[in-house]
Amino acid sequence: MAIPNAALQKLLQEVETQAVLSQQKITQTQAELSAKRRDSRLNLLTANELKSLSKDTKTYEGVGKMFVAVPMSTLSERLESESTSLNKEISDLEKRLHYQETTYKNSRQHIEKILQSAARP
């Protein structure tokens, strides 16, 4: 059973559009993942620096253009909660990236099958 060329062409365009869209989403997700990983590393470095300080060290947090004195325990708690949320976001982005890569791979395979079926007489 041969599929008409017009139908094959339309199907090929739809699958190609999906592949291009998937590729764009992959690029965007990779950029988001990179930014979250950078934030996580920065957060970890800050937490490690705070751990190396004595408990009575005065700590300050930037608020706009000024700095406000903050107890070290409060700062450590905030960094811990940020770290937890960043790790969850990174995990979610990795899952999304895997899904998008699978979608892209499947789209490319469908394109190859369509082209192979069109090449057969």
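Right, let's walk through the structure included here. Keep in mind the model is a prediction, meaning the values are calculated, not measured.

A separate point is helix 1 (residues 5-52). For helix 1, built from 48 residues, the straight-helix expectation of 70 Å at 1.5 Å per residue is met to within 8% by its first-to-last C-alpha distance of 70 Å. Those residues of helix 1 not exposed but buried are Leu-8, Val-15, Ala-19, Ser-22, Ile-26, Thr-29, Leu-33, Ser-40, Asn-43, Ala-47 and Leu-50.

It is worth spelling out the side chain of Ser-22 at this point. Residue position: Ser-22 is located in helix 1. Once you skip the residues sitting within four places of it in the chain, Ser-22 turns out to touch Gln-100, Thr-103 and Tyr-104.

Moving on, we get to the environment of Asn-48. As for its position among the elements, Asn-48 is in helix 1. Assessed through its relative accessible area of 39%, Asn-48 is described here as partly exposed. Sequence separation between Asn-48 and Ser-85 is 37 residues; the distance between their C-alpha atoms is 18 Å.

The rules we used
- Residues numbered from 1 in each chain as written.
- Predicted model: local features only at pLDDT ≥ 70, side-chain atom pairs only at ≥ 80, totals over all residues.
- Heavy atoms only, no water.
- Helix = DSSP H or I, 4+ residues; strand = E, 2+ residues; numbered from the N terminus.
- Expected span 1.5 Å × (residues − 1).
- Buried < 20%, exposed > 50% of the residue type's maximum accessible area, 1.4 Å probe, protein only.
- Contact = heavy atoms within 4.5 Å.

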